[in-house]
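# Secondary and tertiary structure notes
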Amino acid sequence: MIRFILLQNRQGKTRLAKYYVPLEDSEKHKVEYEVHRLVVNRDPKFTNFVEFRTHKVIYRRYAGLFFSMCVDITDNELAYLECIHLFVEILDHFFSNVCELDLVFNFHKVYLILDEFILAGELQETSKRAIIERMGELEKQE
């Protein structure tokens, strides 16, 4: 199960945070700070999986953004690494060459995309085509 998803820039500014377990606001800020310190200082030659408290953080860096997921220790790391890549591909298709400013100014659409393929901390849809079609339908309704 996914515990939380964070998108952070190199300076540690959180651009997206989605929590699937209840945490106090102070704990959320502490977690965001710790995860940022964990992934930004990590040598690129190491794996993209790192133990964090009693869970695992799977992360990937795209340009100046770190996409991080905290999952259960027994979950498959490669599946979640692919999930991060799928999310980036969908964002790239939806915003046509996505950048950090797209995430800042269209955060509601980013959360909508995330909700289309992750529900209650579990992967629901893995088809890029199906998610993009659904987003097209939602765009027509607006």
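Every value quoted in this text rests on a predicted model; they were computed, and no experiment measured them.

Residues annotated in UniProt with the feature "domain: AP complex mu/sigma subunit" (unreviewed entry) correspond here to residues 1-141. Secondary structure over residues 1-141 splits into 47% helix and 27% strand, and the C-alpha atoms at its two ends are 32 Å apart.

The subject of this paragraph is the packing of aromatic side chains. Under the defined criterion, the tally for this structure stands at six aromatic pairs. Each ring, one from Phe67 and one from Phe87, has its centre 6.2 Å from the other, and the planes form 80°; the classification is edge-to-face. You can see Phe67 sitting in strand β5 (residues 65-72) and its partner Phe87 sitting in helix α2 (residues 77-95), a full 20 residues away along the chain. Like Phe87, Phe67 is buried. Aromatic ring contacts, followed pair by pair, group Tyr62, Phe67, Phe87 and Phe117 into a single cluster.

On to the environment of Asp102. If you trace the backbone, Asp102 turns up in helix α3 (residues 100-105). As a C-alpha pair, Asp102 and Gly12 span 90 residues in sequence and 18 Å in three-dimensional space. Ignoring any residue separated from it by four or fewer positions in sequence, one finds Asp102 in contact with Phe95, Asn97 and Phe107.

Let us look at the pattern of salt bridges. The tally for this structure, following the rule as stated, stands at 10 salt bridges. Between Lys18 and Asp115 there is a salt bridge; the shortest N-O distance is 3.0 Å. Of this pair, Lys18 sits in strand β2 (residues 14-19) while Asp115 is found in helix α4 (residues 107-117), placing the two residues 97 residues apart along the sequence. The salt bridge involving Arg53 is made with Glu27; its shortest N-O contact spans 2.6 Å. Linking Arg53 in the loop between β3 (49-52) and β4 (55-62) with Glu27 in helix α1 (residues 25-40), this pair joins segments that are 26 residues apart in sequence. A residue is classified by how much of its surface remains accessible, and Glu27, at 25% relative accessible area, is partly exposed. Each of Glu27, Glu34 and Arg53 takes part in a single network of salt bridges with overlapping partners.

Thresholds applied
Residues numbered from 1 in each chain as written. Predicted model: local features only at pLDDT ≥ 70, side-chain atom pairs only at ≥ 80, totals over all residues. Heavy atoms only, no water. UniProt positions renumbered as here; feature names shortened; annotations may be inferred. Helix = DSSP H or I, 4+ residues; strand = E, 2+ residues; numbered from the N terminus. Phe/Tyr/Trp six-rings, centres within 6.5 Å; stacked < 30°, edge-to-face > 60°. Buried < 20%, exposed > 50% of the residue type's maximum accessible area, 1.4 Å probe, protein only. Contact = heavy atoms within 4.5 Å. Salt bridge = Lys/Arg side-chain N within 4 Å of Asp/Glu carboxyl O.

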